[in-house]
Amino acid sequence: MSNVEKKPGACDKTACGACSHAATCPSAHGGVPAADPNAKLKSRLGRIRRKIIVMSGKGGVGKSTVAVNLAMAAMLSGQRVGLLDVDLHGPSVPTMLGLEGQKLVGDDSGFYPVTVGGLSVLSVGFLLKNPDDPVVWRGPVKIGVIRQFIEDVNWGDLDLLVIDVPPGTGDEPLTVCQLIPDLDGAVIVTTPQKVAAVDVRKSVSFCKDLNVPVLGVVENMSGFACPKCGEITPILREGGGKKLADDMHVPFLGSIPIDPMIATSGDEGRAFVEDSGRSPAAGCFREILHNLYQG
Ligand code: ADP
């Protein structure tokens, strides 16, 4: 930047290097303070009161089901809610909410989430020509896409943003945690089997390493809810989620039984808590949401 005229009295270093004033010093920028590269991101995030990430150590434990139904339960209770699906390789949110085939629209101010009821939803599924198309992206591309999903999207003013990330501790949850410094925390979903609980310990450690609060553990598929009488019968080893939570000194948010209607609603594109709102299992989702807000 040798051809840049320096302000009188400005620093005469030729390179910003590790200078602690590099971001704001006018010297290297011709007298114009450098724009904050995160300004747009911060401005979008500043309009969202609470942000939670829903994680799991393993796939198939019902993480997306929990994300969808917590978001929908919050929306049905009168909150302004967004649901961001960054499960880039296996987006199931569009299917679970009957939004397959929806496309994103936008204008100069950014893209608009797809809405269902009053819920604002964004998923990589809305960018695919064909839902069967695989997403073949390496880490840096994924990071860029997730950033765009936050800063280039008109989320508006929200009370809650629920973020569904793929299982494990890869690029997607890492990017979300790094891009959203004021993340309220993580909800970790597990099933009662010990092996799944062991796997989920890694998610808890991941959050601790990144200083992301663990809002609590949800034990899904805990017992079987009889479709006729609603009685919940234990069928797998009980209490894995509670034990894991106690062992790791994190809150236990509650359990959800296996209810065939949860799978049916998801397959048919309707949120279970709306579809079967009076069932005991729907009550479990609402209780978990309530416990989440107590934390
Ligand atoms: P993950 O996001 O962890 O991969 P999903 O939320 O996609 O898991 O759930 C996997 C499958 O299990 C889906 O078909 C879903 O409908 C079903 N499912 C999840 N939780 C329950 C439950 N409590 N009772 C019945 N089916 C469930």
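Calculation notes
- Residues numbered from 1 in each chain as written.
- Predicted model: local features only at pLDDT ≥ 70, side-chain atom pairs only at ≥ 80, totals over all residues.
- Heavy atoms only, no water.
- Helix = DSSP H or I, 4+ residues; strand = E, 2+ residues; numbered from the N terminus.
- Expected span 1.5 Å × (residues − 1).
- Buried < 20%, exposed > 50% of the residue type's maximum accessible area, 1.4 Å probe, protein only.
- Arc of directions from axis to C-beta.
- Near = heavy atom within 4 Å.
- Polar contact = N/O pair within 3.5 Å; in protein donor to acceptor, adjacent residues only side chain to side chain.
- Nonpolar A, V, L, I, M, F, W, Y, C, P; charged D, E, K, R; others polar.

1. Some points on helix H10 (residues 280-294)
In step 1: The end-to-end C-alpha separation of H10 is 21 Å, in line with the 21 Å expected for 15 residues at 1.5 Å each.
In step 2: Looking only at H10, the buried set comprises Ala281, Ala282, Cys284, Phe285, Ile288, Leu289 and Leu292. Summarising the axial view, the buried residues of H10 lie within an arc of 155°, below the 170-degree limit, and thus occupy one face.

2. Here's the deal with unusual backbone geometry
Phi is mostly negative for residues that are not glycine, and the peptide bonds are mostly trans.
In step 1: Positioned with a positive phi, asparagine 211 is a non-glycine residue whose angle comes to about 60°.
In step 2: Residue position: asparagine 211 is located in the loop between helix H6 (194-209) and strand S9 (214-225).
In step 3: A positive phi angle, near 60°, is found at methionine 221, a position not held by glycine.
In step 4: Structurally, the position occupied by methionine 221 is in strand S9.

3. Examining the site of the ligand
In step 1: Within the structure, the ligand sits among 16 residues, and Gly60, Lys63, Ser64, Thr65 and Asn220 are positioned closest to it.
In step 2: Note that an oxygen atom of the ligand is positioned 2.9 Å from one of the backbone N or O atoms of lysine 63.
In step 3: Among the elements of the structure, helix H2 (63-76), S9, strand S11 (252-258) and helix H8 (260-268) are those that each provide at least two residues to the shell around the ligand.
In step 4: In terms of residue class, the shell around the ligand is built from eight nonpolar, six polar and two charged.

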